[in-house]
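# A structural walkthrough
Here's the letter readout for the chains.
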Amino acid sequence: MTKIPKKHGKKVKTYSEKILKILSKYPNRAFNYKQIAAVLELDDTKSRNEIIKDLKILAAQKVIIESEPGKYLVKAVSPDYYEGTIDMTTRKTAYFICEDFEDDVFIPTNNLNHSLDKDKVRVYVYNRRRGKKPEGEVIEIIERHKTEFVGVIDIQKNFAFVSTANPKMYTDIFIPKDKTGGAKQGDVVLVKIEDWPAKADSPFGAVIKVLGAPGEHQTEIHAILAEYGLPADFPAEVQAFADGIDTQITAVDIAARRDMRKVLTFTIDPKDAKDFDDALSFQFLENGNFEIGVHIADVSHYLEEGTILDQEAFNRATSVYLVDRVVPMLPEVLSNYACSLRPNEEKLTFSAVFEINAKAQIVNQWFGRTVIYSDFRFAYEEAQHIIETAEHTIPAATSLTGTDREVPEPIVKSVLKLDELAKILRKQRMQNGAISFDKVEVKFHLNETNDPEGVYFKIAKDANHLIEEFMLLANRKVAEFIGKQKKTFVYRIHDEPNEDKLINFQTVIAKFGYKINFRSKQDIAKSLNSILEDAQGKKEQNLVDTLAIRSMSKAKYSTQNIGHYGLAFDYYSHFTSPIRRYPDVMVHRLLQFYLLGGASANAEFYEEQCKHASDMEVLATNAERDSIKYMQVRYMQDHKDEEFLGVVSGVTEWGIYVEIVSNKCEGLCRIREIKDDYYTFDEKQYALVGAVSKNIIQLGDEVFVKVKNADLVKKQLDFHYLRKNE
């Protein structure tokens, strides 16, 4: 497309850009000069003549088309107009993300034209042929990413404003007096944007829900859910439908399944779990091999396609695990009772049954619907005690019952043998190039009013790895079984890491003496495992773990199988958690359909469902992360006078981020408040450097800090910098 020549010297008024914006916004509508003048609110003769002249120039340059005498259309396909997504910064500017550009296109504040973060937009891109970095202007908002926002309301005499804590939301929202929804000054509210007039600085909205006073526990948890559009409760009609399901197991149900009720079966789960998705069965075979059954709750038996319950489960796509509660995908009558594989109850399951030899090699496999009876329920700590001691008695301090608990001999033998086989499976995975991410999880001891009384770290041990390995085995073998038939299936895929991200990761960890071997895919995986292992127990462990995970691609659901890089599997799916993940329900349905001889399902339909499930997983993860941040801030509110040892986890031009060693809470020490020198940011060293002393504060340094401010609404901690730990 020919550019309009840039005129130097005296500035001449031109309406070309504005004309192009109008015609691009309405690509199927022809405008004459009067209509364009009306849109631009110009009624003087001089301006109208300029518009006529610019229209003729643009038509001569073949930028626009004269569809009929005096009427103009934008060309159907223009090389300077693109569709993509807005990625807001925290500085009221944005980047335009579009597959047509290798680098993101910068959008200045005055070119946003009311677009917000993650909106789908059409953008006019300029500076493309002048050796400059391209910039863009939003011409049209094709689709809003979201219209509902959580914020604090400021009520004036005749109107109100709602301001959000989201640093990427650059505007507050204007609320007319009659649309405040009964909110009181300072309340946290959920507001919906209804309009954004062309000349208005702020969008117009209405309060649709009052969440409560800021800082209160229930308010903040509900605000987190509302921010991500996640439901707090089930609609009444969905709950009524679930309550009306007949959950009795009939003789007809049993007759249609493989009966495994007499095979030794047990579950291993967290102490506080209520939804038991999976159970393991075990028996020694006469040929010296072992039969191991991975039994998964048969949710698809109760969750019928096309019902309002199924639609609700699909919409949610996942359970959300907040710091103080679970927001389940399925109502409790199913998640905690009918589907949950509780001890001493018959349950309907979907199973992967393997014959395995002493080298953990698969000799035979079988997939299908079963009925089981769980003989025993373990907490992870109880199974771990057996693995470590081989004892039959679980002491009261570890036991679920709070008293000494006897475990029958056959179950002890089964746990020990399963642990032995799981360790072989894990070793094989690592040798094949799997990466071991055993990141420490932060957990809180909460009292009856949900106040945090303490912090503890959840660390995966052998009992966790035992369950993990057999779930991975079932997931892999189910995916492989269908994948090799070349039929449509729901895979869990994980792409190779982006090399630029790995190089950035290498730059940071080099300061601690770690090095990635880039020679091959296998060497990268091997060196990453070595780095993660070497960092264990060291001050930089959490930083290294976090940065390693960030350098990886994000796993997602798709019908297009590319394998799973992190697990080093050619085929992988999610089969083992249908109570809490909708993709597992899809996998169960497809597997049963194919076992009955069904032809390959519609890939396009399932790909759309996969995308929705992946998107909802991201929202759930963000909500879970926000709830942990909120509880960390709340915990630190009560520890303002204490000194804490921390590790520098981030260095920026505005200060250092410090993660406290004892509780993993992270906060900011602002550069201007570090008083022992005048510090500036050295980008090459990822460090702050003192102007006088040349003292360096860099990633991984140990420093002492105190809490300066704990903001529950923004979920942010500010620290006072005290000194380095010399």
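Here, every reference points to the structure presented above.
Below: a short report on this structure.

Reading the values: the criteria
Residues numbered from 1 in each chain as written. Predicted model: local features only at pLDDT ≥ 70, side-chain atom pairs only at ≥ 80, totals over all residues. Heavy atoms only, no water. Helix = DSSP H or I, 4+ residues; strand = E, 2+ residues; numbered from the N terminus. Rg over C-alpha atoms; globule rule 2.2 N^0.38 Å. Buried < 20%, exposed > 50% of the residue type's maximum accessible area, 1.4 Å probe, protein only. Contact = heavy atoms within 4.5 Å. Areas by Shrake-Rupley, 256 points an atom, 1.4 Å probe, with all protein chains shown as cover. Lys, Arg positive; Asp, Glu negative; His and termini not counted. Charge placed at Lys NZ, Arg CZ, Asp CG, Glu CD. Pairing = 2+ DSSP bridges. Axes fitted to C-alpha atoms, helices over the stretch in contact; angles between N-to-C directions. Core = buried A, V, L, I, M, F, W, Y, C linked by side-chain atoms within 4.5 Å. Salt bridge = Lys/Arg side-chain N within 4 Å of Asp/Glu carboxyl O.

Let us look at the overall build of the protein chain. When helices and strands are counted, the protein chain shows 17 helices and 35 strands. Computed over its C-alpha atoms, the radius of gyration of the protein chain comes to 30 Å, within 12% of the 27 Å expected for a compact globule of 726 residues. Overall size of the protein chain, expressed as C-alpha extent along the three principal axes, is 100 × 70 × 60 Å. Put simply, the protein chain has 726 residues, and 50% of those count as buried. Sequence-distant contacts in the protein chain: of pairs separated by 6 or more residues, those separated by 24 or more amount to 64%. Accessible surface for the protein chain amounts to roughly 35800 Å². Of this, 48% is attributable to carbon and sulfur atoms. Side chains of the protein chain give 99 positive and 110 negative charges; the mean places of these two sets differ by 8 Å.

Read across the open sheet, the 7 strands follow the order S13-S20-S19-S16-S15-S14-S21; overall the sheet is mixed. In the strand order of this sheet, the two ends are held by strand S13 (258–259) and strand S21 (376–379), each with one partner. In this structure, S13 lies alongside strand S20 (residues 362–373), joined through 2 bridges in parallel fashion. Across the sheet, Asp259 pairs through a bridge with Val371, a residue of S20. Sheet strands in contact with helix H10 (residues 380–389) are strand S14 (265–269) and S21, and its direction is about 90° off that of S21.

Attention now goes to the nonpolar core. Counting 86 residues, the largest nonpolar core has Phe378, Leu466, Phe470, Phe489 and Phe575 as its most contacted members. Counting residues per element, this core draws most heavily on helix H12 (residues 462–483), which supplies 10 residues. Among residues more than four places away in sequence, those in contact with Phe470 are Leu280, Ile292, Val294, Ile356, Leu418, Leu421, Ala422 and Leu425. Counting residues in each nonpolar core, the second largest holds 62 residues, with Ile509, Phe512, Val651 and Val707 among its members.

This part takes up the pattern of salt bridges. Counted according to the given criterion, the structure contains 40 salt bridges. In this structure, Asp324 and Arg325 form a salt bridge, with 2.8 Å as the shortest nitrogen-oxygen distance. The class for Arg325 is partly exposed, based on a relative accessible area of 24%. Residue Glu345 pairs with Lys347 through a salt bridge whose shortest N-O separation is 3.1 Å. Assessed through its relative accessible area of 6%, Lys347 is described here as buried.

Mapping Val478 onto the fold places it in helix H12. Judged by its relative accessible area of 0%, Val478 is buried. With 96 residues separating them along the chain, Val478 and His574 place their C-alpha atoms 8.9 Å apart. Residue contacts for Val478: discarding those within four places in its chain leaves Phe367, Phe489, Ser573, Phe575, Val587 and Leu591.

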